[in-house]
Amino acid sequence: RPRNASKPSVMRNARGATGALARAVLASGERLSGPRYAALARIAVHDDSGGGARGEVAAATAAAAAASRKGASSSLDAELSELVLNDGGIDATLRWLTAAREPSTAAFVPLIEAAVSCGDDDALLAAGGLMRKRGVRPDAALYTALILGRLRLGQTERALSACDKCLSDGVVPESRALTALVRALADASETEAAISLCRRLRRRGLRLRGGGPAISSLIAAAARCSAAPFEAVAVMQEIEAHIDAHAPPLPPPPTAAAESGRAT
């Protein structure tokens, strides 16, 4: 290299050449394996030698690689989406996801997290509408992000509504979201709601971890129910059912038609 070339400039030029090569390979439409696609895309996106916005590079990389979707991965989609989000904000991410050829559910997770954290319900509605329009179905990771985001803001009722919607859709949130939600309900003395959620989980064959934070919060809630002994007993029975690995799952709730027939 030239004597007067500084080490940082040489490294930047090297990154620029590598990034340009990676983008060229992606744009060629070459069928790539998952690991190779991910490696090239990350090289292209993290190349900052041109001084351009990384969000723009991420969008260009995803567009150029649309023909090679066979090698795409959910984790990479989420990473590209986060780069666009950090660089251009929520509106830029919505535009990017609108233009993307086949956005995955993972690509929407950073957007959902950002919309919830800043209280932007309009963006959240726009993201949900875009997912429906593009045929993208929410998964456990997306619902988990939504539930935990609501809980971080102290919005326990909205977190519970999100969990109800998730379970109604036949999707089970990650255990960390369920644990946090049961704990938040119990800590807020929403005992009836906590028991109802625990029973709903047991109907799906799911149990809270014995000795975990959710069980501890339920025990504390039972102790606060001294003025309502029947409620305290209900809490302790539910705790016992979750701890007992041999207890059978609860049967599904009766349908409206069955309830009507029983009433007659």
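Up top is the structure these notes are about.
These numbers come from a predicted model, not from an experiment.

Rules behind the numbers
- Note that residues are indexed from 1 along each chain, following the sequence as it is written.
- Only residues with pLDDT of at least 70 are given local features in this predicted model, and only at 80 or more are side-chain atom pairs given and counted; all residues enter the totals for whole chains, interfaces and linings.
- As a rule here, side-chain values cover all heavy atoms of the structure and leave hydrogens and water aside.
- Helix and strand labels come from DSSP, where a helix needs a run of H or I of at least four residues and a strand needs a run of E of at least two; each type is numbered from the N terminus.
- The rule is simple: take the accessible area with a 1.4 Å probe, protein chains only, and divide by the maximum for that residue type; under 20% is buried, over 50% is exposed, in between is partly exposed.
- Contacts: residue pairs with any heavy atoms within 4.5 Å of one another.
- Here, Shrake-Rupley sampling with a 1.4 Å probe gives the accessible areas, and only protein chains in the shown set may cover a residue.
- What we call a nonpolar core is a set of buried Ala, Val, Leu, Ile, Met, Phe, Trp, Tyr and Cys residues that are connected through their side-chain atoms within 4.5 Å.
- Take the residue count of a helix, subtract one, and multiply by 1.5 Å to get its expected span.
- Think of each axis as a best-fit line through the C-alpha atoms, taken over the contacting stretch in the case of a helix, with angles from 0 to 180 degrees between the N-to-C directions.
- Each angle is binned into one of four classes, with values under 35 degrees roughly parallel, values over 145 roughly antiparallel, values of 65 to 115 roughly perpendicular, and all other values oblique.
- Handedness of a crossing follows from how the near helix is turned relative to the far one, being left-handed for an anticlockwise turn of less than a right angle and right-handed for a clockwise one.
- Ten residues, namely Ala, Val, Leu, Ile, Met, Phe, Trp, Tyr, Cys and Pro, are considered nonpolar, four, namely Asp, Glu, Lys and Arg, are considered charged, and the remaining ones, Gly among them, are considered polar.

Caption draft 1: Looking closely at the overall build of the protein chain. The helix and strand inventory of the protein chain stands at 13 helices and 0 strands. Put simply, the protein chain runs from its N terminus to its C terminus through helices and strands in the order α-α-α-α-α-α-α-α-α-α-α-α-α. Expressed as a percentage of the 264 residues in the protein chain, the buried residues total 40%. Partitioning the contacts of the protein chain with sequence separation of at least 6, the portion at a separation of at least 24 is 67%. For the protein chain, the computed accessible surface area is about 14,300 Å², with 54% contributed by carbon and sulfur atoms.

Caption draft 2: Structural context of the nonpolar core. In terms of nonpolar packing, the biggest core is built from 55 residues, with Phe108, Leu181, Leu197, Leu208 and Leu218 touching the most fellow members. Among the elements that line this core, the one with the most residues is helix H4 (residues 74-99), at 9 residues. Those residues in contact with leucine 197, other than ones at most four positions away along the chain, are Leu160, Cys163, Leu167, Leu181, Val182 and Leu185.

Caption draft 3: Highlighting unusual backbone geometry. Positive phi, close to 60°, is recorded for serine 189, a residue that is not glycine. Serine 189 sits in the partly exposed class, given a relative accessible area of 45%.

Caption draft 4: Examining the environment of arginine 202 more closely. You can see arginine 202 is positioned in helix H10 (residues 191-203). Sequence separation between arginine 202 and alanine 241 is 39 residues, and the spatial gap between their C-alpha atoms is 8.5 Å.

Caption draft 5: Region of interest: helix H5 (residues 105-117). Between its first and last C-alpha, H5 extends 19 Å over 13 residues, near the 18 Å set by a 1.5 Å rise per residue. Among the 13 residues of H5, 11 are classified as buried, and the element is accordingly described as predominantly covered.

Caption draft 6: Region of the structure containing the packing of helix H9 (residues 175-187) against helix H11 (residues 213-223). Direction vectors running N to C along H9 and H11 enclose 15°, while the axes themselves pass 8 Å from each other. The pairing of H9 with H11 is recorded here as roughly parallel in orientation. Crossing geometry of H9 relative to H11 is assigned as left-handed. The residues of H11 that touch H9, namely those facing Thr179, Val182, Arg183, Ala186 and Asp187, are Pro213, Ala214, Ser217, Leu218 and Ala221. Here the contact of H9 with H11 is built from residues that sort into 6 nonpolar, 2 polar and 2 charged.

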